[in-house]
Amino acid sequence: MATNIYWHPSLSRKERNELRGQRGLTIWMTGLSGSGKSTVATALEQHLLHLGVSAYRLDGDNVRFGLNKDLGFSDKDRNENIRRISEVAKLFADASTIAITSFISPFRADRDLARKLHAQTQGDDESIPFVEVHVDVPLEVAEQRDPKGLYKKARAGQIKDFTGIDSPYEAPANPELTIPTHELSVEQSVARIVEWLVEKGYLKLDKTA
């Protein structure tokens, strides 16, 4: 634990959001490998950017090339992987950007911690909205898709502790949104998320016209 450190205040989150003309938040997509998280997250990021909304996607594989390259896939490393990403997403959201994460994040406690971190405030800051999106497909559908061939390797014993096979996936109990990608197209999935953001007041109507 670091000692002798002090929080240095800057603009309040409310002031920054007003100056930027949008409210920062985190859209946390969770689901099995092959559920469509990255596909939907990529399409959502592109759609928001085309609307003039500041957005940035944090992908589960991509961050392991840099920030989390020292982590494996043990439970402990997965916990730390999600903790770091939670803090990074919070920084993006604090900068009045919509942070979009696409991580399996299989453990409910880790996602609850991410939500708790976003609720923490400094001074007169308002909390950062945390939107949990369950990208939900049956295991057999994800396994049939198997875009990276990981389920096949897991079934063959070549990958250990693989979520859905020999490591559990704890589905969200009360997500803000559930997106069944085996029933919705990518475009429909993105539209459902954007409609929800508008309905809740996180996006202005003129930016989604």
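Here the structure is a predicted model, which is why all the values come from computation and not from measurement.

Definitions and cut-offs
The numbering scheme is per chain: residues are counted from 1 as the chain's sequence reads. Note on the predicted model: pLDDT of at least 70 is required for a residue's local features to be given, and 80 or more for side-chain atom pairs to be given and counted; whole-chain, interface and lining totals, by contrast, use all residues. Excluded from the side-chain calculation are hydrogens and water; included are all heavy atoms of the structure. Secondary structure elements follow DSSP: runs of H or I of four or more residues count as helices, runs of E of two or more count as strands, with numbering from the N terminus. Accessible area is worked out with a 1.4 Å probe on protein chains only. A residue is then buried under 20% of its type maximum, exposed over 50%, and partly exposed in between. A pair of strands is considered paired only if DSSP assigns at least 2 bridges between the two. Working convention: axes come from line fits to C-alpha atoms, limited for helices to the stretch in contact. Angles between N-to-C directions cover 0 to 180 degrees. Any two residues having at least one pair of non-hydrogen atoms within 4.5 Å are treated as being in contact. The salt bridge criterion pairs a side-chain nitrogen of Lys or Arg with a carboxyl oxygen of Asp or Glu, the two atoms within 4 Å. Note on aromatic contacts: the rings of Phe and Tyr and the six-membered ring of Trp form a pair at centre separations within 6.5 Å, being stacked when their planes are under 30 degrees apart, edge-to-face when over 60 apart, and tilted otherwise. Geometrically, a lysine NZ or arginine CZ counts as sitting over a ring once it is within 6 Å of the ring centre and also within 35 degrees of the ring normal. What the arc covers is the set of directions going from the helix axis to the C-beta atoms.

Chemist: Outline unusual backbone geometry, listing residues and values.
Modeler: Positive phi, close to 35°, is recorded for aspartate 146, a residue that is not glycine. The backbone phi angle of aspartate 161 is positive, close to 55°, even though this residue is not glycine. For aspartate 161, the location among the structural elements is in the loop between helix H6 (150–155) and strand E5 (177–179). The class for aspartate 161 is partly exposed, based on a relative accessible area of 40%.

Chemist: Any details on the sheet that holds strand E2 (residues 55–59)? Residues and values, ideally.
Modeler: Strand order across the open sheet formed by five strands is E2-E3-E1-E4-E5, with parallel pairing between neighbours. This sheet does not close on itself; its edge strands, each paired only once, are E2 and E5. The sheet shows a mean angle of 20° between the axes of neighbouring strands, taken without regard to direction. Pairing between strand E4 (residues 130–135) and E5: three bridges, direction parallel. Counterpart to histidine 134 in the pairing with E5 is threonine 178. Across the sheet, helix H7 (residues 186–199) lies against strand E1 (25–30), E4 and E5, angled at about 170° from E5, the strand it touches most.

Chemist: An account of the side chain of glutamate 45 is requested, with residue identities and associated values reported.
Modeler: With respect to the element layout, glutamate 45 can be found in helix H2 (residues 37–50). Given the relative accessible area of 14%, glutamate 45 is considered buried. Among all residues touching glutamate 45, those that are not within four sequence positions of it are Ala55, Tyr56, Arg57 and Ile100.

Chemist: If you had to explain the pattern of salt bridges to someone new, which residues and values would you point to?
Modeler: Inspection of the entire model under this criterion finds nine salt bridges. For the salt bridge of glutamate 45 with arginine 57, the shortest nitrogen-to-oxygen distance reads 3.7 Å. Here glutamate 45 is found in helix H2, whereas its partner arginine 57 is found in strand E2, with 12 residues between them in sequence. In this structure, the salt-bridge partner of arginine 115 is glutamate 132, at a minimum N-O distance of 3.5 Å. In this pair, arginine 115 is assigned in helix H4 (residues 108–119) and glutamate 132 in strand E4, connecting sequence segments 17 residues apart. Using a relative accessible area of 27% as the deciding quantity, one classes arginine 115 as partly exposed. The network of salt bridges with shared partners includes Asp70, Glu80, Arg83 and Arg84.

Chemist: Report on the packing of aromatic side chains, specifying residues and quantitative values.
Modeler: All chains considered together, the criterion is met by five aromatic pairs. An aromatic cluster is present here, built from Trp28, Phe103 and Phe130 joined pairwise through their rings. It is arginine 64 that lies over the ring of phenylalanine 73; its NZ or CZ is 3.9 Å from the centre.

Chemist: Tell me about helix H1 (residues 13–20), and please be specific about residues and values.
Modeler: Within H1, the full set of buried residues consists of Arg13, Arg16 and Asn17. Angularly, the buried residues of H1 cover 100° about the axis, an arc narrow enough to put them on a single face. In H1, the exposed residues that point more than 90 degrees away from the buried face are Glu18 and Leu19. With its phi angle positive at about 80°, glycine 21 sits one or two positions after the end of H1.

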